[in-house]
Amino acid sequence: MKNLFRSGFGLILLLSVFVSKQASAQNGKVQGRVYDEVTNESLPFVNVLVVGSTTGTTTDLDGNFLFTGLEPGIIQLQVSFVGYKPRVSEEIVVSNAKTPYVEIALSTSDQEIEEVVVTASPFRRTEESPVSLRTIGVSEIENSAGANRDISRVIQSLPGVGGSVSFRNDIIIRGGGPSENRFYLDGVEIPNLNHFATQGASGGPVGILNADFISGVNFYSGAFPANRGNALSGVFEFTQKDGNKEKLRVGAVVGASDLALTLDGPLGERTTFIFSARQSYLQFLFSAIGLPFLPKFNDFQFKSRTRINDKNELTLVGLGALDRFELNLDIEEPTPDQEYILGYLPIQNQWNYMNGAVWKHFSGNSYQTFVLSRNMLNNRSLKYQDNDDSDEANKTLDYVSQEIENKFRFETNHRFSGFKFVGGVGLEYAKYNNNTFQRLFVQDQLLTIDYESELSLWKYNAFAQLSKSVLSERLALSAGVRFDGTSYSESMANPLEQFSPRLSASYALTERISINANTGRYYQLPAYTTLGYRDSDGVLANKANNLKFISVDHVIGGLEFLPYDYMQFTLEGFYKQYGNYPFSLRDSIALANKGSDFGVIGDEPVASISEGRAYGIEFLNRIKLPKYNLIFAYTWVRSEFEDKNGEMIPSAWDSQHLLTITTTWTPKPEWKFGARWRFVGGLPYTPYDLETSSLVAAWDAQRRPYLDYDRLNQERFTSFHQLDVRVDRFFYFSKWTLGIYFDIQNFYNFKQASQDFVVVNRDEQGQPILLDNGTRYDLLSLPNESGTLLPTLGLQIRF
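Residues numbered from 1 in each chain as written. Predicted model: local features only at pLDDT ≥ 70, side-chain atom pairs only at ≥ 80, totals over all residues. Heavy atoms only, no water.

*Asks:* How do you make sense of the overall build of the chain when you look at a structure like this?
*Replies:* When helices and strands are tallied, the chain shows ten helices and 47 strands. In summary, the chain has a C-alpha radius of gyration of 27 Å against a globular reference of 28 Å for 799 residues, a match within 12%. Considered along the principal axes of its C-alpha atoms, the chain spans approximately 90 × 65 × 45 Å. Sorting the 799 residues of the chain into buried and exposed places 56% on the buried side. Across the chain, every contact between residues at least 6 apart in sequence was considered, and the portion connecting residues at least 24 apart equals 67%. Summed over all atoms, the accessible surface of the chain reaches about 32600 Å², with 55% contributed by carbon and sulfur. (Helix = DSSP H or I, 4+ residues; strand = E, 2+ residues; numbered from the N terminus. Rg over C-alpha atoms; globule rule 2.2 N^0.38 Å. Buried < 20%, exposed > 50% of the residue type's maximum accessible area, 1.4 Å probe, protein only. Contact = heavy atoms within 4.5 Å. Areas by Shrake-Rupley, 256 points an atom, 1.4 Å probe, with all protein chains shown as cover.)

*Asks:* How should I be thinking about a nonpolar patch on the surface in this particular structure?
*Replies:* A cluster of nonpolar side chains, Leu471, Tyr507, Leu509, Ile513, Ile515, Leu559, Phe561, Leu571, Ile617 and Trp636, forms an exposed patch at the surface whose accessible area comes to about 850 Å². Those elements that provide at least two residues to the nonpolar patch are β31 (513-524) and β32 (550-564). Positionally, Phe561 belongs in strand β32. Of the residues examined, Phe561 reaches a relative accessible area of 35% and is grouped as partly exposed. (Patch = residues over 30% accessible without salt bridge, like charges linked within 9 Å, V, L, I, M, F, W, Y side chains within 5 Å. Salt bridge = Lys/Arg side-chain N within 4 Å of Asp/Glu carboxyl O.)

*Asks:* Explanation requested: the pairing of strand β33 (residues 567-584) in the structure shown.
*Replies:* Two faces belong to every sheet, and in a regular strand the side chains alternate between them. As judged from the twelve bridges shared by β32 and β33, these two strands associate in the antiparallel manner. Across the sheet, the residue bridging to Leu559 is Leu571, located in β33. Hairpin remark: β32 followed by β33, antiparallel, with two residues in the connecting loop. For β33 and strand β34 (residues 606-624), the ladder comprises 16 bridges, and the chain directions are antiparallel. Note on β34: the bridge partner recorded for Gly573 is Ile617. (Pairing = 2+ DSSP bridges.)

*Asks:* Looking at this structure, how should I read the sheet that holds strand β10 (residues 133-136)?
*Replies:* As summarised here, the arrangement of the five strands in space is β10-β17-β18-β13-β14, forming an open sheet in which the pairing is mixed. With one partner strand each, in any of the chains shown, β10 and β14 (188-189) form the two edges of the open sheet. Two strands pair when backbone bridges link them, and strand β13 (residues 181-185) and β14 are joined in this way by two bridges, in the antiparallel orientation. Residue Tyr184 lies in a different strand from β14, and its bridge partner there is Glu189.

*Asks:* Quick question: what am I supposed to make of unusual backbone geometry here?
*Replies:* Trans peptide bonds make up the majority, and among non-glycine residues the majority have a negative phi. Positive phi, close to 60°, is recorded for Asn580, a residue that is not glycine. Relative to the elements of secondary structure, Asn580 occurs in strand β33. Classification of Asn580 by relative accessible area gives partly exposed; the value is 26%. Within the chain, Asn749 stands out as a residue other than glycine whose phi angle is a positive 55°. Mapped onto the elements, Asn749 comes out in the loop between β42 (737-745) and β43 (752-760). For Asn749, a relative accessible area of 33% puts it in the partly exposed group.

*Asks:* Explain the sheet that holds strand β2 (residues 47-50) here, please?
*Replies:* Pairing between sheet strands relies on hydrogen bonds along the backbone, with the strands arranged either parallel or antiparallel. Taken in spatial order, the four strands of this open sheet run β3-β2-β6-β7, and their pairing is antiparallel. Of all the strands in the sheet, the pair left with one neighbour each is β3 (56-58) and β7 (87-88). Pairing between strand β6 (residues 77-80) and β7: two bridges, direction antiparallel. Within β7, the position partnered with Gln78 by the bridge is Val88.

*Asks:* Help me understand the packing of aromatic side chains, please; the structure alone is not making it clear to me.
*Replies:* Remark: the centre distance and the inter-plane angle together describe each pair of aromatic rings, the angle taken between the planes. Scanning the model with the defined rule gives 37 aromatic pairs in all. Summarising the aromatic geometry, the rings of Phe730 and Tyr732 are spaced 6.1 Å apart at their centres and angled 20° between planes, so their arrangement reads as stacked. In this structure, Phe730 and Tyr732 share a single accessibility class: buried. An aromatic cluster of at least three residues, connected via ring pairs, comprises Phe183, Phe219, Phe236 and Phe238. (Phe/Tyr/Trp six-rings, centres within 6.5 Å; stacked < 30°, edge-to-face > 60°.)

*Asks:* Can you walk me through the environment of Trp351 in this structure?
*Replies:* Within the secondary structure, Trp351 sits in strand β24 (residues 347-363). With a relative accessible area of 32%, Trp351 lands in the partly exposed category. In this structure the C-alpha to C-alpha distance between Trp351 and Asp323, which are 28 residues apart in sequence, comes to 5.9 Å.

The following block contains the structure:
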């Protein structure tokens, strides 16, 4: 441990000695524009100040501003103007090599000039979402300890956000499952956030989004705006940077698992672009250290923005991934745990993409947004018994599936007489294809599942939300409604059946203390794997079972205290009541308990009969200073769902306690130090049914033990905790920037106990030991631990 830390930190110090003399003095620039968020009109003579300093300027007649001679690093700008609410910008990366361009939108204020002016806060809150809305900035994305620039891991620092196991990016929010969240990229929905995604959920081991693109993230764990649907637990809005307006810039990153190349620059006078491509080298590392699986991934991401004129702009976005998961069959003498993994894990090929266009039109005191997008997922899994593909009779799994969505959304945003109105409609056409061959052992008999499914359906929605601040803007009120429907079945076709109201209120007790509340009902369509499942007769079994939208009712209340402009305390209580959750007729459990493993979730017969609840308390303290950041987040949460007897029992996500402390310190622009400590209470789990698992027919069907669902979630793992640390060193030259980081995940090498590996016991000749006249295997349980100290040395170059 000490040698690893000394080696990595020593290398950074050595480079500092030889390279720092070449670095330039402060010569950073920032340019941008301030405008009215509704009319898009430029605002002249606006005060713009660098937060935490006395450096400031004012906008010109066209609303433009320019800062020169800035010290490299990460800054925020505070903007104020008479008749408008003050605002603090997103975080901006300043360097000698590139001049970032930032646009800052201001919203009008109803306060009279002689009234007390509210100080701008870096902690965002809206009329629609006065509670359960958090923001993440560039510094937390790019320099978060243990995250390795993976946004899926960065967001686990926020209150109410948990995970499953250390090697996956499952996002568990306030006791809800990983399938209950939705993600938007510059207003375009992205269905997949991770490589090697679990179809029917959202988790995976590595995030797709390139951190170099992201300027900020809005995270909702409740109080969802009416224009964000199909979510039960969380909504994430990722905002991307614009390309450089001056000239072409190049960036390269060598990270823990991949190589990345980024290009950005102008495409004419009115258009900028940014593009990246990444390729992993995990397969080489895993092969070298003898791991039984070899993951390989590639991805791309792009954005272009065209300012057609003062009233129209067009943004194009794209995201794609190509994943291949192979087995390391070259291991000559696999250990029992390697044998276990090689025995059950299938080969997987997966690719997905999203392309979208966002046209924004400004007209008077309103603006309209048109969003058109298409996304597709292709998923293939293949498994042969003993990995012997020489005989088709050895095939135990052959799964091929596609999900295709074409989406259109229209929104209009109006400001009038102090009211804010957002309304719109959405229309989607979706196709789902599935070709499944699988051997299963269910209810003491061996079954062969063999079916093809093709499904086409329309989805449609309408939404509206009206907000207003009264009592000299001390009281903010917002009411919204949403309607969702689909052509899948008659029971789902009427949008009035999915009527989704919501109401928010925020009252400022003083300038620094406010009380906030929200309640609402939200709906989510079950996964395509569930909608498209067919029985042996080719019938859509779940349609025949009267499948319904999943519903959840939220009630949230809390206090916010801002003792200083840079410090925030919040305390929130929440309650969620679930209804119509799909209940597995095969395993007799709610699908809410599934989704944390690789593969496919939901492709089975279900009934919309399960109910559940989650409730708890969250405490958050955030400090945002130019040289110091802190996130202290604690959540006490309980998550429960009905078992097959209708009794409430802990769900698979009932972690009870979540505590995260994340901090960064920047003593000088060239140095940054970070640390994160996470504690997650032990999650429930279901013990193995070793009696069934030992049957030869049962074991050969899936080569792993079966769970005893009669004892659903009756056991609990020990608590998980982990410390991550990181050191960054930056070298700012006149035309380029060099960044080096040394990151250590699991600094004190904590080992998390998991369910045992179970393998077939073998004799001296390597043959399986059989019992009960050859009908059963002799099974052997082996301890299973996850978690290891993982040091990473990374390199970032930007020209």
